[in-house]
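Read off the chains here:
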Amino acid sequence: MATQTRNSSQGILSDDRSRQREEIVAMLTRAYWMELETVINYVTNSTNPDGVRAQEIIESLQEDIQEELGHAQQFATRIKELYGVVPSSVDFTPEQVYLAPPEHQTDIVHVIKGVIEAETGAIEHYNRIIQYTEGVDPVTNDMVIAILRDEEGHRRLFEGFLREYEAEGRA
Ligand SMILES: [Fe+2]
Ligand SMILES: [Fe+2]
């Protein structure tokens, strides 16, 4: 005779938390798309730029690609753990118009500002997830806090790049 399993009576996986789980899965799904769109656009923008000054930006974005991909995978795993289903690309709607290639590929300031915008959007959305999951889903909360730290680091690095251009009157 098969042993009956029971659902957890405590925490976000319990039966009476299904509405909150759905809410969190929706927020995690949006985060998943944001990370994957960032991967696409960081590949693009670490390839197109021309010029000596672009090298630092290219190398930095190349490093970030792996990190953002790792974030996407973490979001996907958490969606599954919360009984959600990770979507495929047919449900994807692009949003990052600011990371489209500039008219001139030497326009590195355009890329820097686009990256700052993407990181800012992620920071805002992840802060919302952290607020919502506080005291409700400590595992998602903890995971997103760690990811938020990465995004704040990315944003700060690119702010520094922008400051250098601004100091030279080129931004
Ligand atoms: Fe990320
Ligand atoms: Fe990032």
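Summarised in this report is the structure supplied together with it. By convention here, each chain's residues receive numbers from 1 onward along its written sequence. In the order they appear in the text, chains get letters beginning with A and ligands get numbers beginning with 1. Per-residue local features of the predicted model are confined to residues with pLDDT of at least 70, and side-chain atom pairs are confined, for both listing and counting, to 80 or more; whole-chain, interface and lining totals are unaffected and use all residues. The side-chain values count all of the structure's non-hydrogen atoms but skip hydrogen atoms and water molecules.

Any N, O or S atom lying within 2.8 Å of the metal counts as a donor, and for Na, K and Ca the limit rises to 3.2 Å; water is left out, so some sites can look incomplete. All of the protein donors around the iron ion (ligand 2) are Glu68 (OE), Glu119 (OE), Glu119 (OE), Glu151 (OE) and His154 (ND1); their distances to the metal are 2.0 to 2.3 Å. Buried means the residue's accessible area, taken with a 1.4 Å probe over protein chains only, is under 20% of the maximum for its type, while exposed means over 50%, and partly exposed covers the values in between. What makes His154 buried here is its relative accessible area of 6%.

To continue, consider empty space enclosed by the protein. Cavities and pockets were defined on a 1 Å grid built over protein atoms only: a cavity is a set of grid points that admits a 1.4 Å probe from which the probe cannot escape, a pocket is an open set flanked by protein on both sides within 12 Å along at least five of seven lines, and lining residues are those with an atom within 4 Å of any such point. Grid points are joined across faces, edges and corners, and a volume is the space filled by probe spheres set on the points. Within the structure shown, the criterion is met by 1 cavity of 30 Å³ or more. The wall of the largest cavity is formed by Asn45, Asn48, Pro49, Pro102, Gln105, Asp107, Ile108 and Val111. Residues are sorted three ways: Asp, Glu, Lys and Arg are charged, Ala, Val, Leu, Ile, Met, Phe, Trp, Tyr, Cys and Pro are nonpolar, and all the rest, Gly among them, are polar. For the lining of the largest cavity, the per-class residue count stands at 4 nonpolar, 3 polar and 1 charged.

Glancing now at the environment of Ser89. A run of DSSP states H or I qualifies as a helix once it reaches four residues; a run of E qualifies as a strand once it reaches two. Both are numbered from the N-terminal end. Here Ser89 is to be found in the loop between helix 2 (54-81) and helix 3 (108-133). Between the C-alpha atoms of Ser89 and Leu13, which are 76 residues apart in sequence, the distance is 27 Å.

Patch rule: a residue counts if its relative accessible area is over 30% and it has no salt bridge; like charges are joined within 9 Å, and nonpolar side chains (Val, Leu, Ile, Met, Phe, Trp, Tyr) within 5 Å. Only the protein chains shown count as covering a residue, and every accessible area follows the Shrake-Rupley method with a 1.4 Å probe. Only one rule defines a salt bridge in this text: a Lys or Arg side-chain nitrogen within 4 Å of an Asp or Glu carboxyl oxygen. Positive charges come from Lys and Arg, negative ones from Asp and Glu, while His and the chain ends are left out of the count. We put the charge of a Lys on NZ, of an Arg on CZ, of an Asp on CG and of a Glu on CD. Together, Glu56, Glu59, Glu63 and Glu67 line one region of the surface with negative charge. Mapped onto the secondary structure, Glu56 falls in helix 2.

Protein coordination at the iron ion (ligand 1): the donors are Glu35 (OE), Glu35 (OE), Glu68 (OE), His71 (ND1) and Glu151 (OE), at 1.9 to 2.4 Å from the metal. Coordination of the iron ion (ligand 1) draws on donor residues from a single chain, spaced E-x32-E-x2-H-x79-E in sequence.

Among the structural elements, Arg78 can be located in helix 2. The class of Arg78 is buried, set by a relative accessible area of 8%. Under the rule applied, a polar contact is a pair of N or O atoms within 3.5 Å (in protein, one hydrogen donor and one hydrogen acceptor; residues adjacent in sequence only if both atoms are side-chain atoms). In terms of polar contacts, Arg78 uses its side chain to reach the side chain of Glu81, at 2.9 Å. In terms of polar contacts, Arg78 uses its side chain to reach the side chain of Thr140, at 2.8 Å.

By nonpolar core we mean a set of buried residues, namely Ala, Val, Leu, Ile, Met, Phe, Trp, Tyr and Cys, connected to one another through side-chain atoms within 4.5 Å. Leu28, Tyr32, Phe75, Tyr126, Ile129 and Val144 are the most contacted members of the largest nonpolar core, which has 24 residues in total. Among the secondary structure elements, those contributing two or more residues to this core are helix 1 (18-45), helix 2, helix 3 and helix 4 (138-167). Excluding residues within four positions of it along the chain, Ile129 makes contact with Met27, Leu28, Ala31, Thr140 and Val144. Tyr42, Ile112, Ile116 and Phe158 belong to the second largest nonpolar core, which has 19 residues in total. Any two residues having at least one pair of non-hydrogen atoms within 4.5 Å are treated as being in contact.

It is possible for side chains of opposite charge to pair when their charged atoms get near one another. The final tally for this structure, using the stated rule, is 7 salt bridges. Arg78 is paired through a salt bridge with Glu81; the nearest N and O atoms lie 2.9 Å apart. Note that Arg78 and Glu81 are positioned in helix 2 at a spacing of 3 residues, about one turn of the helix. Across the salt bridge formed by Glu159 and Arg155, the nearest N and O atoms sit 1.9 Å from each other. Placement of the pair is Glu159 and Arg155 together in helix 4, with a separation of 4 residues, close to one helical turn. With relative accessibility at 24%, the residue Arg155 sits in the partly exposed group. Where salt bridges share partners, they join Arg53, Glu164, Glu168 and Arg170 into one cluster.

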